[in-house]
Amino acid sequence: MTFSPETGLGSNGEDLGFVKGAFGVELDSYHNAYDPEGKHIAILKDSTRNHLTYRTDARVDDSEWHTLTVTYSENVLKVYLDDNFALSYDEIDLPDEFYLGISAATGAGRNKHLIKDFIFEGNASAGSSFAEDNCPIIIVPGVMGSRLYDGDNQVWSPNGANDNLAKYLQMTNELSVRNNYDDNGVPLNQALLSSENREYGATDIYKGLVEGILTRFENDDSSYSRGVYFFSYDFRKSSAQSAMELDKYIQAILENNSEYRKVDIVAHSMGGLVMSGYVSKFGTENINKIITVGTPYEGAPKLENSVLTKEVLDNSFKNYFFNKGLFLLGLNTSLKASFPALAELAPTRMYFDEKEKKFMKYTGEGIFAYLDYEGYREINDRIFGINNQNAINFHNSIKDATGLNVLLGMENSYFAVGINQKTIDGIVFNL
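Rules used in this analysis
Numbering of residues starts from 1 in each chain and follows the order in which that chain's sequence is written. Local features in a predicted model are, by the rule used here, given only for residues with pLDDT of at least 70; side-chain atom pairs are given and counted only at 80 or more, and totals for whole chains, interfaces and linings are based on all residues. Hydrogens and water molecules were not included; the side-chain quantities draw on all heavy atoms of the structure. What counts as a helix is a DSSP run of H or I of at least four residues, what counts as a strand is a run of E of at least two, and both are numbered from the N terminus. Summary of the burial criterion: residues with accessible area below 20% of their type's maximum are buried, those above 50% are exposed, and those between are partly exposed, where the area comes from a 1.4 Å probe applied to protein chains only. Whether two residues are in contact is decided by their heavy atoms: any pair within 4.5 Å suffices. Note on areas: Shrake-Rupley with a 1.4 Å probe; residue coverage comes only from the protein chains shown. Residues scored as positive are Lys and Arg, those scored as negative are Asp and Glu, and His as well as the terminal groups of each chain are ignored. A single reference atom marks each charge: NZ on Lys, CZ on Arg, CG on Asp, CD on Glu. Should DSSP find at least two bridges between two strands, the strands are taken to pair. Here, axes are lines fitted to C-alpha atoms. For helices the fit covers the stretch in contact, and angles between N-to-C directions go from 0 to 180 degrees. Patch criteria: residues need more than 30% relative accessible area and no salt bridge. Like-charged residues are merged within 9 Å; nonpolar side chains of Val, Leu, Ile, Met, Phe, Trp and Tyr are merged within 5 Å. Within this document, salt bridges are pairs made up of a side-chain nitrogen of Lys or Arg and a carboxyl oxygen of Asp or Glu, the two lying within 4 Å of each other. The criterion is simple. A nonpolar core is a set of buried Ala, Val, Leu, Ile, Met, Phe, Trp, Tyr and Cys residues joined through side-chain atoms within 4.5 Å. Aromatic pairs are defined between Phe, Tyr and Trp rings, using the six-membered ring for Trp, whenever the two ring centres lie within 6.5 Å; interplanar angles under 30 degrees are classed as stacked, those over 60 as edge-to-face, and all others as tilted. Known as pLDDT, the predictor's confidence for each residue is given on a scale from 0 to 100.

Enquirer: I would appreciate a short explanation of the overall build of the chain in the present structure.
Expert: On a plain count of helices and strands, the chain comes out with eleven helices and 18 strands. Oriented by its inertia axes, the alpha-carbon framework of the chain measures out at about 85 × 55 × 40 Å. Residue burial in the chain is summarised as follows: out of 431 residues, 42% are buried. Considering only contacts within the chain whose residues lie at least 6 apart along the sequence, 63% involve residues at least 24 apart. Counting every atom, the chain has about 23000 Å² of accessible surface; 47% of that belongs to carbon and sulfur. Mean positive and mean negative side-chain charge positions of the chain (38 and 60 charges, respectively) differ by 9 Å.

Enquirer: Would you mind going over the sheet that holds strand β6 (residues 76-81) with me for this structure?
Expert: Across the sheet, three strands lie side by side as β5-β6-β7; this open sheet has antiparallel pairing. Either end of the sheet is taken by a strand with one partner, and the two such strands are β5 (68-73) and β7 (84-89). Geometrically, the sheet is characterised by an average inter-axis angle of 20 degrees between neighbouring strands, direction not taken into account. Where β6 lies against β7, five bridges are found, and the strand directions are antiparallel. The partner of L81 across the bridge, within β7, is N84.

Enquirer: What exactly am I supposed to notice about the environment of Y54 here?
Expert: As for its position among the elements, Y54 is in strand β4 (residues 47-56). Separated by 284 residues in sequence, Y54 and S338 place their C-alpha atoms 65 Å apart. When neighbours within four sequence positions are excluded, Y54 is seen to be in contact with P36, H40, I41, A42 and L87.

Enquirer: Would you mind showing me how to read the pairing of β6 here?
Expert: Every other side chain in a regular strand lies on the same face of the sheet, so the side chains alternate between the two faces. Covered by surrounding structure in β6 are L77, V79 and L81 only, the residues V76, K78 and Y80 on the alternate face being uncovered. Relative to β6, β5 runs antiparallel, the two being bridged by six bridges. Residue pairing in the sheet places L68 in a bridge with L81 of β6. Between β5 and β6, which pair antiparallel in sequence order, lie two residues; one of them, E74, sits at a positive phi of approximately 50 degrees. The hairpin formed by β6 and β7 contains two residues between the paired strands, and D82 there has a positive phi angle of roughly 55 degrees.

Enquirer: What exactly am I supposed to notice about the sheet that holds strand β15 (residues 359-364) here?
Expert: Sheet strands associate in pairs through backbone hydrogen bonding, adopting either a parallel or an antiparallel arrangement. If you trace the three strands from one edge of the open sheet to the other, you get β16-β15-β18, paired in mixed fashion. Each edge of the sheet is formed by a strand with only one pairing partner; in this case those strands are β16 (367-370) and β18 (427-430). The sheet shows a mean angle of 35 degrees between the axes of neighbouring strands, direction not considered. Here β15 pairs with β16 via four bridges, running antiparallel.

Enquirer: It is not clear to me how a nonpolar patch on the surface should be interpreted in this structure. Could you clarify?
Expert: Together, F98, L100, I102, I115 and F118 give the surface a local cluster of nonpolar side chains, amounting to about 420 Å² of exposed area. Mapped onto the elements of the fold, F118 is located in the loop between β8 (99-101) and β9 (137-140). Among the residues examined, F118 registers a relative accessible area of 36% and is labelled partly exposed.

Enquirer: Can you walk me through the nonpolar core in this structure?
Expert: Most often, soluble globular proteins keep nonpolar side chains buried together rather than apart. By size, the foremost hydrophobic cluster in this structure holds 64 residues, and its most contacted members are I138, L169, I265 and M275. Setting aside residues no more than four positions away along its own chain, L169 makes contact with L148, V155, W156, L175, R236, L331, L335 and F339. Of all hydrophobic cores here, the second largest spans 13 residues; its members include I41, V60, V79 and A86.

Enquirer: Sorry if this is basic, but what is going on with the packing of aromatic side chains here?
Expert: The description of two aromatic rings rests on the distance between their centres and on the angle between their planes. On inspection of all chains with the given rule, the structure shows 18 aromatic pairs. Seen from their ring centres, F3 and F98 are 5.9 Å apart, and the 65 degrees between their planes marks the pair as edge-to-face. Of the two residues, F3 is situated in strand β1 (residues 2-4) and F98 in the loop between β7 and β8; the sequence distance between them amounts to 95 residues. Ring geometry for Y351 versus F359: centroids 6.1 Å apart, planes at 85 degrees, classification edge-to-face.

Enquirer: Help me out: how do you make sense of the confidence of the model for the chain in this one?
Expert: Segments scoring low in pLDDT should not have their predicted coordinates read at a detailed level. When pLDDT is averaged across the chain, the result is 87; 91% of the residues are at 70 or more. For residues 126-131, every residue scores under 50 in pLDDT, and the model assigns this stretch eight contacts once sequence neighbours within four places are set aside. Every residue in residues 316-325 is under pLDDT 50, and counting partners more than four places away or in other chains gives 15 contacts.

Enquirer: What exactly am I supposed to notice about the pattern of salt bridges here?
Expert: Opposite charge on two side chains permits them to pair, given that their charged atoms come into close proximity. According to the stated counting rule, one finds 15 salt bridges in the structure shown. Residue R59 pairs with D82 through a salt bridge whose shortest N-O separation is 3.3 Å. Separated by 23 residues along the polypeptide, R59 in the loop between β4 and β5 and D82 in the loop between β6 and β7 bring together distant segments of the chain. Overall, R59 belongs to the partly exposed group, its relative accessible area being 25%. We classify D82 as partly exposed; its relative accessible area is 26%. Of the charged contacts in the structure, one is a salt bridge between E199 and R147, with a shortest N-O distance of 2.6 Å. Residue E199 is located in the loop between α1 (165-168) and α2 (207-216), and its partner R147 is located in the loop between β9 and β10 (148-150); the two are separated by 52 residues in the primary sequence. Residue class for E199 comes out buried when judged on its relative accessible area of 2%. The network of salt bridges with common partners includes R55, D57, R59 and D82.

Have a look at this one:
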């Protein structure tokens, strides 16, 4: 790692990219004539030949992952390996502006030089890619939380639902969303719109969230220090497909905000599964923080109840007569069961194994029998058809090597999991 007054590379492999005037930290596993004996860590100046201080350490070449931390404050450079102090040197006089570089070389030899992650903390210039404290925020709503359109006809927003949902919401009908982009294809920043023109999702259920975030980041002159974007998507489709659209949206936002290289995400309900699909496919290169709220990562029995009855799928739509009206308008069991995304919300194998005694079937005359997983899966095959196998494949795709959700491996992931209400945690099927 070099701290250099200018860009450029040294002339030979063994120079490791140093230029005159640069300070640096090296992890050296090869003994040159000018090197101290043994594999070592060193603080250098001007070149790899000038060791200000060093210590031998076999970890520089043991084929294991290690954490290297380098701090610079008040002319003192300190080096830590695996969070343990290694060495330091004072009288390191860096200019106010310098280049930070990472390099590696083997000369005529061969070796692997791998960097798994890199974090910079400090005072970077305004145009730097490190300015992430005020990067754009994207809200990813939950199931049935986006307004859907068939051409100019708004066919899903429950307070103005179309009178033929069975026709418009069937999977063969391609629907669209609005207010992700303006007429020129530029993502719409809700902070730049008047409140009457902002996107709050179906039935405006995200108005409190959008306005709460904007209020938090409002400046004295009524401008906003954070851009806020609302990602509407077709909630019928698989979360993996929605993740593909989200990637396009993130790319467009970053292209329109060239001073940033990352975004923050606030995802609700099924939006957390969309984010899981996104991270498993695209990684976290463009993601700074993820906050998910109430996401059923391993599914929820309430989903089965909602699909098989007159209920809709979100607690925001609680009114019985309202739900019954949607059912009569065509939001019936067969329509809901045809949505690939809803099959992804059914309890997974991991959920079933944890709550095995909560899954039963009614066999008649007041008799109940416990289900094994194969019996439970067979019921879901009957309900969701091929969507059930596709949902199983999706959930397998969003696990890491340990079998847990990929978001758990991300340092800046935050999970809000409860709202102090009772939760349905099991179900009885009457075949």
